[in-house]
Amino acid sequence: MVRVIIDKHEYMVDESATILDAARSNGIDIPTLCHDEQLEPFGSCWLCVVEVEGERRSLVPSCATKVRDGMVVTTKSELISNARKLCLELLLSDHYGDCLPPCQMACPAGVRVREYIDLIRKDRYQEAVEVVKQNNPLPAVCGRVCVRPCELACRRNLVDEPVAIDFLKRFVADWEMGEKGQRGQRGQKGQKGQKGQKTEDRGQRTDGKKVALVGAGPASLSCAYYLAGMGYRCIIFEALPDAGGMLRYGIPEYRLPKDVLDKEIASICEHGVEIRCNTAMGRDFSIDSLMNDGFEAVFIGIGAHGSYRLGVDNDGVDGVLSAVDFLRDMGLNKDIRLKGRVAVIGGGNSAIDAARTSLRLGADEVMIVYRRSRLEMPANEIEINEAEHEGINYHFLTAPVRVIAENNRVKGIECIRMELGEPDSSGRRSPLPVNGSEFIIDVETVIAAIGQFPEIECLTFDEGIHLGRGKTIIVDNGMAAGRVGVFAAGDAVSGASTAIEAIAGGKKAAMAIDQYLRGELDSKQWSKEFNVSKGSLDEVDGSEFEGIEKQARVKMPELEITERLKGFNEVELGLSQADAILEADRCLKCGCNAIDKCELRRYGIEYGVGLDRFKGGKVHHYLIDNSNPAILRDPNKCIRCGRCVRICLEIKGIGALGFVNRGFETTIEPTFCKPLSATECDSCGKCAASCPTGALVDSSEHL
């Protein structure tokens, strides 16, 4: 035995031990990527470097350096940390792969898309729903109204069409609702006009701390769902008669039936969430009164229910409506009738919803007037196409300059042609008027859908909430709104946005509120998740998909045009089980199979590695070898640590893998560069078990 000092502590260790052995035997962690207990030290990754007092070199590899009596070792210092970080950044600079699937990265809520699609493929629907709800408690809603950023990022676009991710989410959510219905657990109508009504408390801790949530839209519903799951008592205060926010009062029933929304809200309430409707901030309570009533945190999710006027002459006469008010009146079940011609001004989803709703209310003709081209429309492409399919006309590169009125009533709109100039701050090309191109459109109704903003009048200025441009609430990286204990998310923070972004903000706020109430809140920790990516679709090497057979995306069954325009029955009818499984099979299973155990990623996170330091250098692209039914080999993730080569040769005595080439071009390949299945490999899996990155994985782990 010899005496060594490691990080100022003295230990007695075996004289044959390495520094790494000595440290680990005494509970001191030193990172390494090339070391395996079954093998003699190799010292190839240099991640395990430490400082040894009196050594000629400032840093030595701990896995290959024997201890000696009186040795003084330092395992943590700025020099060591910088060296390890540099080592990791160099390894990652030639690492071509995806930690997370691009669909998951594109989803604001980070829903684990690949995982729930694979569960659908295996007929494990309840598990699939549970995976979705880990990040999105409103899957049936989002399966109908999401703008689908996941599908835009889907790598299947490089083969044929994106996987119908949204349709599949809806499929399992509807399946769950059907299962609940069969068990007699139908969702109840969401607390209409009732103060204090609450669904059955399923084991929630009634002695938990109380959190008040203002507004019952997707942000608050999401925040309450996750807080309730942590044991907090959550009460949502809603000014309108029913919960749902813009999901209820901004999205027509032909897209989102109210009974579907009610059931999802009821499901959230089953977790112990209480909703009090017809209760408005600024009228019935304030943040101060909530705090005085024993609430230890307040979440603000009031949405963006305010709407901008057209800003032209006569925009206040009868027959000029805002899309927000128009759609809200529909949500309130008011009796609305339209006739004649209707012009909807704007190019977003609210404009499309208002136009399609107008057709169903009896308008003879509906047109959308938009100042840019179709390419620049912010509305969902599917909604744009559906509106056109239903007979709505588009006037692109057209802007209103005044409303023509007679007896204080709309008679028409005067418009001017536009042309596109240079891109503005939104990235879209700025519309410029064409002089002398004015013309008149005769209409009986004008609906303005040119923007929304939060109605912040309910927030009194003495309550310390930070307000910014566009009447939005300013929050820090931890969703705190300026006053201690007050948090915010959703449209109240971002301005009018999407349901999935509000849901994501609500969940993030729930995590922050939990940390605040436990005294651990630190907004600096909310950093972007570490993720290596192959890049956007135009950056990905398309050759890796050449062998994939083209397969058409399933079509969503829809109500016929003649039927859908008779009322507000849901247009999209849902996938059959057969179509859902067929579509799930189209998933390419992107992302890393070893993400949960990848040592390279774990150390990358631990040492705060940046992925841009060596960006621009050469990155190797190799074909994936899936010839062996037991082992999937992805050379793009190999760091040449040699563990697999040595285990196969020294432990198994087979030698199915070996080093090829030298220097930067070094790779690890099967014998004679054959497919792994053509070697003497016996599929024991020891190489995959030892691999620190996922370059070799057990094929059974490939979902």
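Residues numbered from 1 in each chain as written. Predicted model: local features only at pLDDT ≥ 70, side-chain atom pairs only at ≥ 80, totals over all residues. Heavy atoms only, no water.

## Some thoughts on the overall build of the protein chain
No. 1: Helix and strand counts for the protein chain stand at 22 helices and 25 strands.
No. 2: In terms of overall dimensions, the protein chain has C-alpha extents of about 100 × 60 × 60 Å along its principal axes.
No. 3: When the 703 residues of the protein chain are sorted by exposure, 54% land in the buried category.
No. 4: Of the contacts made within the protein chain by residues no fewer than 6 positions apart, 69% connect residues no fewer than 24 positions apart.
No. 5: With the model as given, the accessible surface of the protein chain reaches about 31,300 Å², and the carbon-plus-sulfur share is 48%.
No. 6: A gap of 1 Å separates the mean positions of the 88 positive and 105 negative side-chain charges of the protein chain. (Helix = DSSP H or I, 4+ residues; strand = E, 2+ residues; numbered from the N terminus. Buried < 20%, exposed > 50% of the residue type's maximum accessible area, 1.4 Å probe, protein only. Contact = heavy atoms within 4.5 Å. Areas by Shrake-Rupley, 256 points an atom, 1.4 Å probe, with all protein chains shown as cover. Lys, Arg positive; Asp, Glu negative; His and termini not counted. Charge placed at Lys NZ, Arg CZ, Asp CG, Glu CD.)

## A word on the nonpolar core
No. 1: Ranked by size, the top nonpolar core spans 79 residues in total, and within it Y116, I117, I120, L168, I275, F299 and I513 carry the most contacts.
No. 2: Take this core: its biggest share by element is ten residues, from helix α17 (residues 499-517).
No. 3: Setting aside residues no more than four positions away along its own chain, F299 makes contact with A212, L213, V214, A219, S220, C223, F487, A488, A489, G506, A509 and I513. (Core = buried A, V, L, I, M, F, W, Y, C linked by side-chain atoms within 4.5 Å.)

## Some remarks on the sheet that holds strand β9 (residues 295-300)
No. 1: Judged by pairing direction, the sheet is parallel, and its five strands sit side by side in the order β8-β7-β6-β9-β21 without closing on themselves. Two strands bound the open sheet, and with one partner strand each, they are β8 (274-276) and β21 (486-488). Neighbour to neighbour, the strand axes of the sheet diverge by 25° on average, direction disregarded.
No. 2: Taken together, the five bridges between strand β6 (residues 210-214) and strand β7 (residues 233-237) define a ladder with parallel strand orientation. (Pairing = 2+ DSSP bridges. Axes fitted to C-alpha atoms, helices over the stretch in contact; angles between N-to-C directions.)

## Topic: the sheet that holds strand β19 (residues 445-448)
No. 1: Across the sheet, which stays open at both edges, the five strands sit in the order β11-β19-β12-β13-β14 with parallel pairing between neighbours. The outermost strands of the open sheet, each flanked by one partner alone, are β11 (320-322) and β14 (393-395). Averaged over all pairs of adjacent strands, the angle between their axes in this sheet comes to 25°, without regard to strand direction.
No. 2: As paired strands, strand β13 (residues 365-369) and β14 are joined by three bridges and run parallel to one another. Within the sheet, the bridge partner assigned to M367 lies in β14 and is N393.
No. 3: Running over the sheet, helix α14 (residues 349-360) touches β12 (341-345), β13, β14 and β19 and is turned about 170° from β13.

## Comments concerning the pairing of strand β24 (residues 667-670)
No. 1: Bridge analysis of strand β23 (residues 657-660) against β24 gives four bridges, and the strand direction is antiparallel. Note that in β24 the partner of F659 across the bridge is I668.

## Quick word on helix α9 (residues 218-229)
No. 1: The first and last C-alpha atoms of α9 sit 17 Å apart over twelve residues, in line with the 16 Å expected at 1.5 Å per residue.
No. 2: Burial analysis of α9 places eleven of its twelve residues in the buried class, the great majority of the element.
No. 3: P218, A219, S220, L221, S222, C223, A224, Y225, Y226, L227 and A228 are the residues of α9 that are buried.
No. 4: Positive backbone phi, approximately 105°, marks G231, located one or two places after α9. (Expected span 1.5 Å × (residues − 1).)

## As for the pattern of salt bridges
No. 1: Across all of its chains, the model carries 56 salt bridges by this definition.
No. 2: Here E669 ties to R633 by a salt bridge, and the two come within 3.3 Å at their closest N and O atoms. With a gap of 36 residues between them, E669 in strand β24 and R633 in strand β22 (residues 631-633) connect regions that are remote in the sequence. Just as E669 is buried, R633 falls in that class too.
No. 3: Among the ionic pairs, E650 bridges to R646, the shortest N-O distance being 3.1 Å. On the criterion of helical spacing, the pair formed by E650 and R646 is a turn pair, its members being four residues apart in helix α21 (residues 643-651).
No. 4: Overall, the relative accessible area of 47% leaves E650 in the partly exposed class.
No. 5: For R646, a relative accessible area of 12% corresponds to the buried category.
No. 6: One salt-bridge network, in which partners are shared between bridges, spans R255, D353, R356, R360, E383, E386, E390, E558 and R564. (Salt bridge = Lys/Arg side-chain N within 4 Å of Asp/Glu carboxyl O.)

## Focus on α21
No. 1: Along α21, the residues that are buried comprise R643, C644, V645, R646, I647 and C648.
No. 2: A positive backbone phi angle near 75° is found at G653, which sits one or two residues after α21.

## Some words on the packing of aromatic side chains
No. 1: Under the criterion given, the structure shown has nine aromatic pairs.
No. 2: Consider the rings of Y125 and F171, whose centres lie 5.2 Å apart with planes at 90°: the pair is edge-to-face. Placement of Y125 in helix α5 (residues 125-133) and of F171 in helix α8 (residues 165-182) is noted, with a sequence separation of 46 residues between them.
No. 3: A relative accessible area of 7% means that Y125 is categorised as buried.
No. 4: F171 gets classed as buried once you look at its relative accessible area, which sits at 11%.
No. 5: Here Y394 and F396 contribute two aromatic rings whose centre-to-centre distance is 5.1 Å and whose plane-to-plane angle is 5°, an arrangement assigned as stacked.
No. 6: Look at Y394 and you get buried, because its relative accessible area is 14%.
No. 7: Overall, F396 belongs to the partly exposed group, its relative accessible area being 25%. (Phe/Tyr/Trp six-rings, centres within 6.5 Å; stacked < 30°, edge-to-face > 60°.)

## What to know about the environment of I474
No. 1: Relative to the helices and strands, I474 is located in the loop between β20 (452-453) and β21.
No. 2: Once the C-alpha coordinates of I474 and A492 are considered, the two residues, 18 residues apart in sequence, prove to be 9.0 Å apart.
No. 3: Look past the residues within four positions of I474 in its chain and what remains in contact with it is H466, L467, G468, A480 and A481.

## Looking at the confidence of the model for the protein chain
No. 1: Of the residues in the protein chain, 94% have a pLDDT of 70 or more, and the chain-wide mean is 90.
No. 2: The low-confidence segment residues 185-206, where pLDDT is below 50, has 58 contacts with residues more than four positions distant or belonging to other chains. (pLDDT = per-residue confidence, 0-100.)

## Observations concerning the pairing of β13
No. 1: Taken across its five residues, β13 has four buried, putting it largely inside the fold.
No. 2: Bridge analysis of β12 against β13 gives five bridges, and the strand direction is parallel. Within β13, the residue paired with A343 across the bridge is M367.
No. 3: Read from β12 through α14 to β13, the crossover connection turns out right-handed.
No. 4: Where the polypeptide runs from β13 across helix α15 (residues 381-389) and back to β14, its parallel neighbour, the crossover connection is right-handed. (Right-handed = clockwise from strand over helix to strand, strands pointing away.)

## Focus on the state of the cysteines
No. 1: Summed over the entire model, instances satisfying the criterion amount to zero disulfides.
No. 2: The cysteine C691 is free of any disulfide, with C641 supplying the nearest cysteine sulfur at 6.4 Å. (Disulfide = S-S within 2.5 Å.)

## Quick word on the packing of helix α2 (residues 78-92) against helix α20 (residues 599-606)
No. 1: Two elements in contact, α2 and α20, have axes whose closest approach is 10 Å; the angle formed by their N-to-C orientations is 130°. Relative to α20, the element α2 is oriented oblique. The interaxial crossing formed by α2 with α20 has left-handed handedness. For the pair α2 and α20, the contacting residues are L88, L91 and L92 in the first and L600, Y603 and G604 in the second.
No. 2: In terms of residue class, the contact of α2 with α20 is built from five nonpolar, one polar and no charged. (Parallel < 35°, antiparallel > 145°, perpendicular 65-115°, else oblique. Left-handed = near helix turned anticlockwise from the far one by under 90°. Nonpolar A, V, L, I, M, F, W, Y, C, P; charged D, E, K, R; others polar.)

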